[in-house]
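Descriptive analysis of the structure
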Amino acid sequence: MKPVLAALALLIALPAQAAEKLTVALDWTPNTNHVGLYVAQAKGWFADAGLDVEILPYTDTSSGTLVATGVAEFGILSAVGFHSQRSMGADMTAVMAVVQHETGRLVFNGEREDIQRPADLDGLTYAGFGSAWENALISSIIRHDGGKGTFETVTLGTSAYEALANGSVDFTLEVSTWEGVNSELLGRPQRWFSYADYGVPDQHTTFLGGNATWLAANPATAEAFVKAAQRGYAFAADNPDEAADMLIAGTDGMLSNPELVHASMQALVDGGFLRDPGEPVGLIDPELISGITAFLFEAGILRDANGDVHQEMPDVSGWYTNEYLAD
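All of these numbers come straight from a predicted model, not from anything done at the bench. (Residues numbered from 1 in each chain as written. Predicted model: local features only at pLDDT ≥ 70, side-chain atom pairs only at ≥ 80, totals over all residues. Heavy atoms only, no water.)

**A few points about the overall build of the chain**
The cut-off we apply is this: In this description a helix means any DSSP run of H or I spanning at least four residues, a strand means any run of E spanning at least two, and both kinds are numbered starting from the N terminus. It is over C-alpha atoms that the radius of gyration is taken, and the globule rule equals 2.2 Å times the number of residues to the power 0.38. Each residue's exposure class comes from its accessible area (1.4 Å probe, protein chains only) as a fraction of the maximum for that residue type: buried when under 20%, exposed when over 50%, partly exposed otherwise. Note on contacts: a residue pair qualifies if any of its non-hydrogen atoms lie within 4.5 Å across the two residues. All accessible areas in this document rest on Shrake-Rupley with a 1.4 Å probe, and a residue is counted as covered only by the protein chains that are shown. Under the convention used here, Asp and Glu are negative, Lys and Arg are positive, and both His and the chain ends fall outside the count. A charged residue contributes its charge at one atom only: NZ of Lys, CZ of Arg, CG of Asp or CD of Glu.
Looking only at helices and strands, the chain has 13 helices and 10 strands in total. Radius of gyration (C-alpha) of the chain: 22 Å, near the 20 Å computed for a compact globule of 327 residues. Viewed in the frame of its principal axes, the chain has a C-alpha envelope of about 90 × 45 × 40 Å. When the 327 residues of the chain are sorted by exposure, 48% land in the buried category. Long-range pairs, those at least 24 residues apart, make up 79% of the contacts in the chain with a sequence separation of at least 6. Put simply, the chain shows about 15,000 Å² of open surface, and 51% of that area lies on carbon and sulfur atoms. Of the charged side chains in the chain, 15 are positive and 43 negative, and the gap between their average positions amounts to 2 Å.

So this is what it looks like as C-alpha cells:
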C-alpha cells in the first residue's frame, strides 16, 4: 500500500476524539437569564469547541455550592449569592457577567395612593425570600428617603407575587425582566422604586462562574466554553425572538408561556441588560464588583470562612476574570 493511502487508512481506523464533558448548573428554573447557554447548545457552538455540555436542572442545592464543590464545572450564579459565598472562601470565580446591570426593583400595587415614596413603607408588610440581603437592601432604601427602615416581613418565596396581587402584603422585590414583565402581561398595575435611585450601588445581577481549581487546571477548555457561551448571549442580544424560541425548544416544555419568554427577552434587550454600548457581551466591570461588595460589607452581610462577619473589606481582585472572553 502506498504511504499516503496507508496514512489515510490509519486515520479512518482511529476513533474520533471524544468531546470533553462539562456540566453547567442553573440558579433557578430555566428563564431568559440562561438563554445564551441554550442558544450555544442549539447552534452547535459547544460541540464545535469540542465540548459535550450538560445543563443541569435546578435543585435545592444552590448553583454556587455545586460549582464551589466541583459537582459542576460552571454555573449561573446570582450576584448576591456569589458575593456571599465567595467572601467565605468558596472555590469559584466569576468568568462572565450575564446581566450587565441591576434588574431588581421594589414593587407595590400601582393603585396604592398611600405609597408615594420609600419612606411610606415604614411599618408595612414585605413579602420576602429569606435572605439577609433583602433586609439590608430595603431598610437602606427607606432610610435613604428619610424613613426609619422598619417593616414587617413574611417569607413567602415565589408566592410573594400572588400575595401582592391579592393585597395580602404591601410590597415585595421582583426581577423587572421576568416577574415585572409577567405582571404587565397579567394586567396587574404596579409601581416601583429602583434601587440605584436610593443609594444602592448598581451591580451585575447574574454571573457565569466556574470552579476556580478546575479553571486553573483547564484554561484552554475553560476559554472554549466561555467563548461559546458568550457567543450564545451575543446572538440573543441581537436576535431576541429567535433566541427565545431556542430557549423554549431546549427546555423540553418547562417554559409553558411563550409570550412571557419573548417579552422577557425583549425587555433584556431594550433595557441594555445583555450588552453595554461599545463593550463585548459578558464583560465584568471591576467597579460594579467592588461597589456592591462594599455595600454588603458595610451592611454586615459578608462573612468569612469561620462564619464571622468580615472586619475589613475583602479583596475582590481574585473573585472574577475577563481573560476567557472574546474581545
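**So, helix α11 (residues 240-250)**
Where α11 is concerned, the buried positions are Pro240, Ala243, Ala244, Met246, Leu247 and Ile248. Where the residues of α11 are buried, they touch α2 (35-43), α10 (219-238) and α12 (258-270). Directly beyond the C-terminal end of α11, a positive phi value near 50° is found at aspartate 252.

**Re the packing of aromatic side chains**
What counts is decided by this rule: Two rings belonging to Phe, Tyr or Trp (six-membered ring only in the last case) form a pair when the distance between their centres is within 6.5 Å. Interplanar angles under 30 degrees mark stacking, angles over 60 mark edge-to-face geometry, and anything in between is tilted.
If you walk through the whole model with that rule in mind, you get 14 aromatic pairs. Ring geometry for tryptophan 28 and tyrosine 58: centres 5.1 Å apart, planes at 50°, overall tilted. Here tryptophan 28 is found in the loop between β1 (20-25) and α2, whereas its partner tyrosine 58 is found in the loop between β2 (51-56) and α4 (63-68), with 30 residues between them in sequence. Residue classification places tryptophan 28 among the partly exposed positions, given a relative accessible area of 39%. According to the relative accessible area criterion, tyrosine 58 is partly exposed, its value standing at 31%. Their ring planes at 40° and their centres at 5.0 Å tell us that phenylalanine 108 and phenylalanine 193 sit as a pair that is tilted. A residue pair is termed long-range when its members are at least 10 positions apart, and phenylalanine 108 in strand β5 (residues 104-109) and phenylalanine 193 in strand β9 (residues 190-193) qualify at 85 residues. Exposure remark for phenylalanine 108: the relative accessible area of 1% places this residue in the buried category. We classify phenylalanine 193 as buried; its relative accessible area is 6%. Ring-pair connections join several aromatic residues into one group, and the members of that group are Phe46, Phe74, Trp214 and Phe225.

**Regarding the pairing of strand β7 (residues 152-155)**
In the case of a regular strand, side chains alternate between the two sheet surfaces. Note the following rule: Two strands form a pair only when DSSP identifies at least two bridges running between them. The definition of a right-handed crossover adopted here requires that, viewed with the strands pointing away, the path from the first strand over the helix to the second runs clockwise.
For strand β6 (residues 125-128) and β7, the ladder comprises 4 bridges, and the chain directions are parallel. Among the inter-strand pairings, threonine 125 is bridged to a residue of β7, identified as glutamate 152. In the classification by handedness, the crossover that spans β6, the intervening helix α6 (residues 132-144) and the parallel β7 is right-handed.

**Structural notes on the nonpolar core**
As a reminder, the rule being used: Nonpolar cores were defined as sets of buried Ala, Val, Leu, Ile, Met, Phe, Trp, Tyr and Cys residues, with membership established by side-chain atoms within 4.5 Å.
Counting residues in each nonpolar core, the largest one holds 45 residues, and the members touching the most others are Leu37, Phe46, Phe74, Leu208, Phe225 and Tyr233. Those residues in contact with phenylalanine 46 that lie beyond four places of it in its chain are Leu37, Ala40, Gln41, Leu51, Val53, Phe225, Ala228 and Ala229. Grouped together as the second largest cluster of nonpolar side chains are 25 residues, Val80, Leu106, Ile115 and Phe151 included.

**Thoughts on the confidence of the model for the chain**
To keep it simple, the criterion reads: pLDDT gives the predictor's per-residue confidence on a scale running from 0 to 100.
On average, the chain scores 94 in pLDDT, and the residues at 70 or more come to 95%. Counting interchain partners and residues more than four positions distant, the pLDDT-below-50 stretch residues 3-15 has 2 contacts.

**Some remarks on the pattern of salt bridges**
Charged atoms that come close allow side chains of opposite charge to pair. How we decide: Any Lys or Arg side-chain nitrogen located within 4 Å of an Asp or Glu carboxyl oxygen qualifies as a salt bridge.
If you walk through the whole model with that rule in mind, you get 9 salt bridges. Note that lysine 21 is salt-bridged to aspartate 52, the shortest N-O span being 2.7 Å. Here lysine 21 is found in strand β1, whereas its partner aspartate 52 is found in strand β2, with 31 residues between them in sequence. A salt bridge links lysine 43 to glutamate 242, with the shortest nitrogen-to-oxygen separation between them at 3.9 Å. With lysine 43 in helix α2 and glutamate 242 in helix α11, this pair connects stretches of sequence that are 199 residues apart. Judged by its relative accessible area of 34%, lysine 43 falls in the partly exposed class. Beyond isolated ion pairs, a larger network of salt bridges with shared partners links Arg112, Asp114 and Asp170.

**Observations regarding the sheet that holds β2**
For sheets, the rule is that strands pair by backbone hydrogen bonds, running either parallel or antiparallel. Condition: Every angle, taken between N-to-C directions, lies between 0 and 180 degrees, and every axis is a line fitted to C-alpha atoms, over only the stretch in contact when it is a helix.
Strands sit in the order β2-β1-β3-β10-β4 across an open sheet of 5 strands; the sheet is mixed. Single-partner strands in this sheet number two, and they are β2 and β4 (92-99). Across this sheet, the average inter-strand angle for adjacent strands is 25°, counted without regard to direction. Here strand β3 (residues 74-78) pairs with strand β10 (residues 206-211) via 5 bridges, running antiparallel. Looking at the pairing, leucine 77 lines up with phenylalanine 207 of β10. Contacting β1, β2 and β3, α2 crosses the sheet at an angle of about 140° to β2.

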